[in-house]
Amino acid sequence: MPPCASLCVPVRACATLCLPVPLCASLFVSVPPCAPLCAFLCVSVPPCAPLCAFLCVSVPPCAPLCAFLCVSVPLCVSVCLPVPLCASLCLSVPPCASLCVPVPPCASLCLSVRGLGYWSLTVYGRKHCYKLFTKHFNEAVHWACAVQKVIDSKAPVETPTQLLIRDIEENKFNPEVVEHIYQHNPILTYTQSPLYAPLLPFPYGSLDHTHMAGKGYTSVREEAVRLFNCLQQLESAPEPVPLIQGILQTGLDLRSLRDELYCQTIKQTSITHTNTNAPAQPNPRLRYWQLLTCMSCTFLPSSSVLRYLRFHLKRVQSVSVDSEVESYAWFIAQALEKTRCRECVPSWEEIQGLMGRQEMLCTVHYPGPGSCRIAISSHTTANELVRKMAEQLGLQDSRNTFALFEQKACWERVIGGGTIIADVITSLSVKEPDSEWRLCFKLYCLLDTDNISADSIEYLFLYEQCHEMVVRGQLPACEDDLLSLAALRLQAVQGDYSALAPFPVLEQVFPARVLEARALLTPVDPPGCPPPFPAGLLAGALWGHKRREEQDQRLRARLREEAALTTATILERWKALNGYSRRDSMAAYLTIARQWSGFGCTLYEVDFYIVSPVTCCPVHFVVCVALLSHL
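Now for a look at the structure at hand. Here the structure is a predicted model, which means the values were calculated and not measured. Per chain, the residues get numbers from 1 upward, laid out in the order the sequence is written. Local features are withheld for residues below a pLDDT of 70 in this predicted model, meaning they are given only at 70 or higher, and side-chain atom pairs are given and counted only at 80 or more; totals for whole chains, interfaces and linings count all residues. Hydrogens are left out, water is left out, and the side-chain values use all remaining heavy atoms of the structure.

Examining the overall build of the chain
Put simply, DSSP marks the helices as runs of H or I at least four residues long and the strands as runs of E at least two long, and each gets a number from the N terminus on. Along the backbone of the chain there are 17 helices and 17 strands. Only protein chains enter the calculation, and the probe is 1.4 Å; a residue is then buried if its accessible area is under 20% of its type maximum, exposed if over 50%, and partly exposed in between. Within the chain, buried positions represent 43% of all 631 residues. Carbon together with sulfur atoms contributes 58% to the accessible area of the chain, which is approximately 33,300 Å² in total. The protein chains shown are the only cover counted for residues, whose accessible areas, like all others here, come from Shrake-Rupley with a 1.4 Å probe.

Shown next as structure tokens:
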């Protein structure tokens, strides 16, 4: 063979094109649109060819076929030949079945002698992965659509499990036929053997091109087989909760695996007439029922699998002799009517409750030192918990509205009425497990503040929430009124003044923002303070650092002085309230607060960020939003 690369492309039955090209050059050959679909490509590279040889062939897109061509050269080196194909080439063509997945074009570089950039299109088949390259994005999109059109034209692939589920659906009113299907098809019943293929069809390919690429998942088919291995480990696991949480997390992350997970669990909980008459003994498969219970409270399958699941539960209740299994089947059937897809995996406490088919207790605080423990389920929403709290506290006839809040120190956020409480509890424990987050039941919208009885707990709510607004600086009032409110608060909480009575932290009765504003009004530098000493860069930096420390010390000293003066003033006013009862002090407190024209509004602190184009840092603002009571 001469030292040249020979490219032979039969374009027509009677014509063959042969082009000798130097070995070190890139070869570009364009096949005319008149080429028949049987055109094939053959590349022959002699042993003396340098490894830098690179071939590019441009073929007009006239047929939705695809392939990936590799040309082998000596020394076991492979050179890629990217082809936007229009015909069936003389090489391995991927089977465009309905499970093939074309990945949309992505920018990539195909290394060549010229270092040109190419758009790549990946087609995942059952055994192979095919990559197509083109210089133009529009061509890549065109081929992606063409490949997808061919895939969509193929008949959907159905597994034996799907066919059997359809047979059961068609014969569900004929128990004899259904039992015959179960007895003669072991794929539907419990097994101790591993699973080597999913029960349902899944697309080929990995999850690297999805948003789940960073979570360690491989392909959906491999994850389905791995899930069944985890299910089988439940039988011997000393502590099943971590395994159950991992399985549920996979179901929440990969939506396409939920049907497969339900089918695998149904398989492991299925029974036949051959084992229904077995003597009563501990059921080793009870862990599967516990998992199925947790799944039914976390996410739902598709409608077809959901019908199969409901039929399975009814069948188990009718043929099973195990009362505990019947109880699980009944509990799951009830849960399926209420379940919405959860945002978080159930917590350890919730899973323990579900495994015993029991509700869990939730602690809800309300203004003041009080709290209630309410039983909730995995489906309880914020609105339902608010109704339970209102009934327990006797507030169901109030004209004002209530809501639940996430609360931590002086920060709080209202919880939406449709939010699942179990998700809120789990998210708070996951975000900050050691923090002081808590659920708080409070007034949300004050529609009627004048007709609240002074003896009702609602009056206490109004008083406590008004005091929260005062200490947070959300109630516009002059300094004299704030001092009077602080004294009234001490009288209501601790009674008459006594020299032995402990004085609380000042921030609990007086807004700290007022003290800080008052301290900042005083100049930090005393009169006659000399300017910084400008003697060199290092000396100036040290002098500036020392000066800032002195300013901070003066500011802290000023804050201590202001706090001492404010405390002394509050104590004098507290002494003047001697003889006031708790009820009188609360009434006087609210009388001063009502002087504000916006009394009855609910104020929220809103974090508003603006990104500065100069510093690229968010600028923080605090905005107060008022919900008018007459609305």
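Structure's up, so let's keep going.
Here's the deal with the packing of helix 4 (residues 220–233) against helix 6 (residues 258–269)
At a closest axis distance of 10 Å, the pairing of helix 4 and helix 6 adopts a crossing angle of 35°. With respect to the hand of their crossing, helix 4 and helix 6 are arranged in right-handed fashion. Seen from helix 4, the contacting residues are A224, L227, F228, L231 and Q232; seen from helix 6, they are E260, L261, Q264, T265, K267 and Q268. Amino acids outside the nonpolar list (Ala, Val, Leu, Ile, Met, Phe, Trp, Tyr, Cys, Pro) and the charged list (Asp, Glu, Lys, Arg) are all regarded as polar, and Gly is one of them. Split into classes, the residues belonging to the contact of helix 4 with helix 6 amount to five nonpolar, four polar and two charged. To obtain an axis, a line is fitted to C-alpha atoms, over the contacting stretch when the element is a helix, and the angle between two such axes runs from 0 to 180 degrees between their N-to-C directions. Helix crossings get a hand from a simple test, with the near helix turned counterclockwise from the far one by less than a right angle marking a left-handed crossing and a clockwise turn marking a right-handed one. Contacts: residue pairs with any heavy atoms within 4.5 Å of one another.

Examining the sheet that holds strand 13 (residues 401–408)
Strand order in the open sheet made by the five strands is 12-11-15-13-14, with mixed pairing throughout. Each edge of the sheet is formed by a strand with only one pairing partner; in this case those strands are strand 12 (371–376) and strand 14 (411–414). Here the strands of the sheet are splayed against their neighbours by 40° on average, with no regard to which way each runs. Each pair of strands is called paired provided DSSP finds at least two bridges between the two strands. Looking at chain direction, strand 13 and strand 15 (residues 438–445) are connected through seven bridges and run antiparallel. For F402, the partnering residue across the bridge sits in strand 15 and is L443. In the packing of helix 13 (residues 457–471) onto the sheet, contacts are made with strand 13, strand 14 and strand 15, and the angle to strand 15 comes to roughly 100°.

Structural notes on the side chain of T265
Inspection of the secondary structure puts T265 in helix 6. Judged by relative accessible area, T265 falls into the buried class, the value being 0%. Leave out the neighbours within four places in its chain, and T265 touches L231, Y288, L291, L292 and M295.

Focus on the pairing of strand 13
Of all the eight residues making up strand 13, six are buried; the element is thus mostly covered by neighbouring parts of the structure. Note: strand 13 against strand 14, four bridges, orientation antiparallel. Residue F405 lies in a different strand from strand 14, and its bridge partner there is V414. Adjacent in sequence and paired antiparallel, strand 13 and strand 14 are bridged by two residues, among which A409 carries a positive phi angle near 55°.

Quick look at the environment of S206
Checked against the element boundaries, S206 lands in the loop between helix 3 (175–183) and helix 4. Put simply, S206 and E222 are 16 residues apart on the chain and 9.1 Å apart in space, counted from C-alpha to C-alpha. When neighbours within four sequence positions are excluded, S206 is seen to be in contact with Y124, T218 and S219.

Some details on the packing of aromatic side chains
Stacked, tilted and edge-to-face are the three classes applied to pairs of Phe, Tyr and Trp rings, where Trp contributes its six-membered ring and a pair requires centres within 6.5 Å; stacked means planes under 30 degrees apart, edge-to-face means over 60, and tilted covers the rest. Using the criterion set out here, one finds eleven aromatic pairs in the structure. Between the aromatic rings of F402 and F441, the centroid separation amounts to 5.1 Å while the plane-to-plane angle is 15°, which identifies the pairing as stacked. Pair noted here: F402 is in strand 13 and F441 is in strand 15, with a separation of 39 residues, a long-range link. Here F402 and F441 have matching classes, each one buried. Of the residues examined, F441 reaches a relative accessible area of 0% and is grouped as buried. Here a set of aromatic residues connected by ring pairs shows up, and it is made of Y366, F402, F441 and F461. As a reminder, the over-ring test applies to NZ of lysine and CZ of arginine, requiring each to be within 6 Å of the ring centre and within 35 degrees of the ring normal. Above the face of the Y190 ring, R285 is positioned so that its terminal group lies 4.0 Å from the ring centre. Above the ring of Y328, the side-chain terminus of R357 is found at 4.4 Å from the ring centroid.

Some thoughts on helix 7 (residues 286–296)
Where burial is concerned, most of helix 7 is hidden: ten out of the eleven residues are buried. By the burial criterion, the buried members of helix 7 are L286, Y288, W289, Q290, L291, L292, T293, C294, M295 and S296. Here the buried face of helix 7 lies against helix 4, helix 5 (241–253), helix 6, helix 8 (303–319), helix 9 (323–336) and helix 10 (348–355).

Some remarks on the layout of surface pockets
Cavity: a set of points on a 1 Å grid over the protein atoms alone where a 1.4 Å probe fits but cannot get out. Pocket: an open set with protein on both sides within 12 Å along at least five of seven lines, its lining residues, like those of a cavity, having an atom within 4 Å of a point. Grid points are joined across faces, edges and corners, and a volume is the space filled by probe spheres set on the points. Approximately 580 Å³ is the volume found for the largest pocket. Together, 25 residues line the largest pocket, and E464, H467, E468, R489 and Q508 are the ones closest to its centre. Going through the elements one at a time, strand 13, strand 15, helix 13 and helix 14 (479–494) are the ones with two or more residues in the lining of the largest pocket. Class assignment of the residues belonging to the lining of the largest pocket gives a composition of eleven nonpolar, five polar and nine charged.

Points about the pairing of strand 12
Of the two faces of strand 12, only one is covered, namely that formed by C372, I374 and I376; the face formed by S371, R373 and A375 stays uncovered. Inspection of the sheet shows strand 11 (residues 360–365) paired to strand 12 by six bridges, in the antiparallel sense. Note on strand 12: the bridge partner recorded for V364 is C372. Where strand 11 hands over to strand 12, the hairpin turn is made up of five residues, of which G368 adopts a positive phi near 100°.

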